[in-house]
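Understanding the architecture of this molecule
Here is what each chain is made of, one letter per residue.
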Amino acid sequence: MNMPTRLLLTISVSLIPAISVAKPEVEGTDKDAPKRTEEYKEQVSDIASITADRGIVTRPGRFTIEPSLSYAHSNSTLVAIEGFTVIPALVIGLINISEVQRDTFVGAVSLKYGFTSRWEAAVRVPYLSINEDIRERDVFSGTPVDNLRESSGDGLGDVELSTRYQLNDGLEGWPYVIGLFRVKGPTGKSPYDVDQTTLFADDGTPIGVTLKERPTGSGFWSFEPGFSFIYPSDPAVLFGNLSYVWTLKEEQGFANGGTVDPGDIIRFGFGMGFAFNERTSFSLGYDHSVIGETSFEHGNNQFDATFDRIHVGSLSFGLAHRLSNSTTLNLSVSVGVTENAPDTEITLKLPISL
């Protein structure tokens, strides 16, 4: 993200005429106190969960349906050099420059149910549609002509099952602390399930592999324990999360490297939100993922060399508007701040409580 964009976001937050979300006093003689407390918790939950799933757990006996639609765009440029350096500013050899553009649409439905005042369970079923264009010149050949390769894929993504438990009541100045455990199954089409094409140099030496179709899933089971917190601090609501994603290794065949062990992921995020009024709120947050290196059983190929870790960070801001007592409209926008993050991502959610 360039500097003017960061400045614009900072100014927009500082000018918000925030409405107080101070915690109501609960007295034992007030019959309406529990009701006011639940309404207050819902308001705080709406503010905190605009840009991520960080809200308070679902009320006991309440069933929530949350359809969502998101669009992400990525644009990156890769440079490969085959040659040698004469002086630091001069390279003798061939330079290959590739530009990759990817558009991803994700439609999903999440179902949540509150079993108690502290425990909820949820399932999320996504459907993906991916289009990728690669513009490049013939690999390691001196031609001035660009080639355009297109590939796409659509289908069911990886289904998620999760459960959350509220560990405390958020009293005496403590934040609400919520534990999380998420399981993601390999229900989508993995990179090892789609057709592949081997790329060769002019002398017939294999130099890489490309996919004919975009995969819609990872192909691996993953388990994610973690926790989040929500801290009301008049006039704002502070929130954050920390989790660890452990991915099981799988046997993918000798041609794909044998037993593949994807790198585990450390995720964390933080942010704050403001309420304009009883129906509309705004939030600003940052999310970061540190992805470890993938290891292969037969990892002696020179083209398997990768960095030890990958960082994916994005800055998010969003608006939530309560359409009725049971329906809320959430709109969030994320901007990538690291090279491997999507450039932009727009997400629209419509949680409906029954």
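Residues numbered from 1 in each chain as written. Predicted model: local features only at pLDDT ≥ 70, side-chain atom pairs only at ≥ 80, totals over all residues. Heavy atoms only, no water.

**Digging into the overall build of the protein chain**
The helix and strand inventory of the protein chain stands at two helices and 19 strands. For the protein chain, the residues scored as buried account for 38% of the 354 residues in total. Across the protein chain, every contact between residues at least 6 apart in sequence was considered, and the portion connecting residues at least 24 apart equals 62%. Summing over all exposed atoms, the protein chain offers an accessible surface of approximately 19,800 Å²; the carbon and sulfur share of this is 59%. (Helix = DSSP H or I, 4+ residues; strand = E, 2+ residues; numbered from the N terminus. Buried < 20%, exposed > 50% of the residue type's maximum accessible area, 1.4 Å probe, protein only. Contact = heavy atoms within 4.5 Å. Areas by Shrake-Rupley, 256 points an atom, 1.4 Å probe, with all protein chains shown as cover.)

**Focus: the packing of aromatic side chains**
In the structure shown here, the tally under the stated rule is six aromatic pairs. With a centroid separation of 5.0 Å and 80 degrees between ring planes, the pair formed by Tyr 113 and Phe 115 is classed as edge-to-face. Tyr 113 sits in the partly exposed class, given a relative accessible area of 33%. Within the aromatic cluster, the residues linked to one another by ring pairs are Tyr 113, Phe 115 and Trp 119. (Phe/Tyr/Trp six-rings, centres within 6.5 Å; stacked < 30°, edge-to-face > 60°.)

**A word on the pattern of salt bridges**
Summed over all chains, the structure comprises 10 salt bridges. For Arg 102, the salt bridge goes to Glu 132, with nearest N and O atoms at 2.3 Å. With Arg 102 in strand β2 (residues 90-114) and Glu 132 in strand β3 (residues 119-137), this residue pair connects regions lying 30 residues apart in the sequence. Under the relative-accessibility criterion, Glu 132 is labelled buried at 4%. Between Arg 124 and Glu 160 there is a salt bridge whose closest N-O contact spans 3.8 Å. (Salt bridge = Lys/Arg side-chain N within 4 Å of Asp/Glu carboxyl O.)

**Details of the pairing of strand β10 (residues 236-247)**
With 10 bridges joining them, strand β9 (residues 222-233) and β10 adopt antiparallel strand pairing. Opposite Phe 229, over in β10, you have Gly 240 as the bridge partner. Counting the residues between successive antiparallel strands, the hairpin from β9 to β10 contains two residues. The pairing of β10 with strand β13 (residues 265-275) spans 10 bridges and is antiparallel. Looking at β13, one finds that Gly 240 is bridged to Phe 270. (Pairing = 2+ DSSP bridges.)

**Topic: the confidence of the model for the protein chain**
In the predicted model, the protein chain carries a mean pLDDT of 77, and the fraction of residues at 70 or more is 68%. At the low end of the mean pLDDT range in the protein chain sits helix α1 (residues 3-14), at 35; at the high end sits strand β5 (residues 160-166), at 95. Between residues 24-29, whose pLDDT stays under 50, and residues either more than four places distant or in other chains, the model counts seven contacts. Below pLDDT 50 for its whole length, residues 81-94 participates in 19 contacts with residues either more than four positions away or in separate chains. (pLDDT = per-residue confidence, 0-100.)

**A short note on the sheet that holds strand β11 (residues 250-251)**
The antiparallel open sheet is built from three strands, whose spatial order is β11-β12-β15. In this open sheet, the two edge strands, each paired with only one partner strand, are β11 and β15 (295-296). Bridge count between strand β12 (residues 259-261) and β15: two bridges; the pairing is antiparallel. By the bridge assignment, Asp 261 is partnered in β15 with Ser 295.

**So, a nonpolar patch on the surface**
Taken together, the side chains of Phe 227, Leu 242, Tyr 244, Trp 246, Ile 266, Phe 268 and Phe 270 present a nonpolar region at the surface, about 660 Å² in accessible area. For the nonpolar patch, the secondary structure elements donating two or more residues are β10 and β13. Mapped onto the elements of the fold, Ile 266 is located in strand β13. On the basis of relative accessibility, which here comes to 40%, the residue Ile 266 falls in the partly exposed class. (Patch = residues over 30% accessible without salt bridge, like charges linked within 9 Å, V, L, I, M, F, W, Y side chains within 5 Å.)

**Digging into the environment of Ile 178**
Along the chain, the position of Ile 178 falls in strand β6 (residues 176-184). Of the residues examined, Ile 178 reaches a relative accessible area of 1% and is grouped as buried. As a C-alpha pair, Ile 178 and Tyr 165 span 13 residues in sequence and 5.5 Å in three-dimensional space.

**Notes on the side chain of Lys 349**
Within the secondary structure, Lys 349 sits in strand β18 (residues 344-349). For the buried residue Lys 349, which engages in no salt bridge, the nearest side chain bearing the opposite charge is Glu 66, 4.4 Å off. If sequence neighbours within four positions are ignored, Lys 349 has contacts with Glu 66, Pro 67, Ser 68, Thr 328, Leu 329 and Asn 330. (Lys, Arg positive; Asp, Glu negative; His and termini not counted.)

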